[in-house]
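This is what each chain is made of:
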Amino acid sequence: MYKVFVNDKPIILTSSLKKEEKYPVYIIKTVSISELIHKLKLGKYEGVYLYSNNLENDWNNFKKEFKVISAAGGLVLNDENEILFIYRGNKWDLPKGRIEKGESVKETAVREVEEECGISNISIVDFLLNTYHLFVQDNEYRLKETYWYLMKSNYKGKLTPQLEEGITKVEFRGENGVKEALKDTYANIKLVHECYKNV
């Protein structure tokens, strides 16, 4: 199963006939993706299922419809098992950014966390998952694919938000703070947190 978010509303590509949500189901081969995106943006649907009998093939064809932007980031834990959050654009988020030429995915993930949060001593523990969302750039939809890692840091210094990236706050949050942040975040960040809880 693949979930691609459009304004936090999911397009779910699946080969299963089991539905968890009451979203309409379309056969992927017979549907116009751009029309579906338009309907999701207008709020006509809260989400849609795209049924496929060859998921990997159809997923690759779906990705070909868009320019894919690759990014990487991390869910970072400190020694108290608090989670590192950033605040940007009136939403709580996790640090991430685009992969630069000649950089590995892991290198990007660590660099972006360091740059956006002013933190160091980061080590990667494990890969968590990939998330996907569509956004508009130059009047075209782009598909952002983000690689997420579970990370640890014993950094005790001052955290510094990267203001030029629109980040206004950086903080480690305990259980209650995480619950609050998850009420005001993106659907993909909830997926990353869910995956971390299931590790």
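Check the entry above for the structure.
Residues numbered from 1 in each chain as written. Predicted model: local features only at pLDDT ≥ 70, side-chain atom pairs only at ≥ 80, totals over all residues. Heavy atoms only, no water.

### Quick word on the overall build of the chain
As a reminder, the rule being used: Numbered from the N terminus, helices here are DSSP runs of H or I no shorter than four residues, and strands are runs of E no shorter than two. The rule is simple: take the accessible area with a 1.4 Å probe, protein chains only, and divide by the maximum for that residue type; under 20% is buried, over 50% is exposed, in between is partly exposed. Note on contacts: a residue pair is in contact if any heavy atoms of the two residues lie within 4.5 Å. Residues scored as positive are Lys and Arg, those scored as negative are Asp and Glu, and His as well as the terminal groups of each chain are ignored. Where a charge lies is defined by one atom per residue type: Lys uses NZ, Arg uses CZ, Asp uses CG and Glu uses CD.
Within the chain one finds 5 helices and 11 strands. Taken across its 199 residues, the chain has 47% of its residues classed as buried. Counted over contacts in the chain with a minimum sequence separation of 6, partners at least 24 positions apart contribute 70%. Each charge sign in the chain was given a centre, from 30 positive and 30 negative side chains, and these centres are 5 Å apart.

### As for the side chain of Arg142
Condition: The term polar contact refers here to a pair of N or O atoms within 3.5 Å; inside protein, the definition further demands a hydrogen-donor-capable atom paired with an acceptor-capable atom, and it admits residues adjacent in sequence only when both atoms are side-chain atoms.
Position of Arg142 relative to the elements: it lies in strand β10 (residues 140–153). By relative accessible area, which is 6% here, Arg142 ends up buried. Reaching out from Arg142, the side chain makes a polar contact with the side chain of Asp138 at a distance of 3.5 Å. Aside from chain neighbours lying at most four places away, what touches Arg142 is Phe66, Lys67, Ile69, His133, Leu134, Phe135 and Gln137.

### What to know about the nonpolar core
Among soluble globular proteins, nonpolar side chains are generally buried collectively. This is how the line gets drawn: By nonpolar core we mean a set of buried residues, namely Ala, Val, Leu, Ile, Met, Phe, Trp, Tyr and Cys, connected to one another through side-chain atoms within 4.5 Å.
Within the largest apolar cluster, 21 residues are counted, with the highest numbers of intra-cluster contacts made by Leu75, Ile83, Leu94 and Leu128. Secondary structure elements with two or more residues in this core: β5 (67–77), β6 (83–88), β9 (122–137), β10, α4 (175–183) and α5 (187–197). At 6 residues, α5 tops the list of elements feeding residues into this core. Residue contacts for Leu128: discarding those within four places in its chain leaves Leu75, Trp148, Tyr149, Leu150, Val192, Cys195, Tyr196 and Val199. Grouped together as the second largest cluster of nonpolar side chains are 20 residues, Val6, Tyr45, Leu50 and Tyr132 included.

### A few points about unusual backbone geometry
For Asn121, which is not glycine, the phi torsion reads 60° and is therefore positive. At Asn139, a position not held by glycine, the phi torsion is positive, near 60°. Its location among the elements puts Asn139 in the loop between β9 and β10. Among the residues examined, Asn139 registers a relative accessible area of 79% and is labelled exposed.

### Comments concerning the pairing of strand β2 (residues 9–14)
Within a regular strand, the side chains alternate between the two sheet faces. Put simply, the test is: Here, any two strands with at least 2 DSSP bridges between them count as paired.
Within β2, 6 of the 6 residues are buried, leaving the element largely enclosed by the surrounding structure. Of the two faces of β2, both are covered, the one formed by Lys9, Ile11 and Leu13 as well as the one formed by Pro10, Ile12 and Thr14. Judged from the 5 bridges that link them, strand β1 (residues 2–6) and β2 form a sheet pairing that is antiparallel. Pairing of Tyr2 across the sheet is with Leu13, part of β2.

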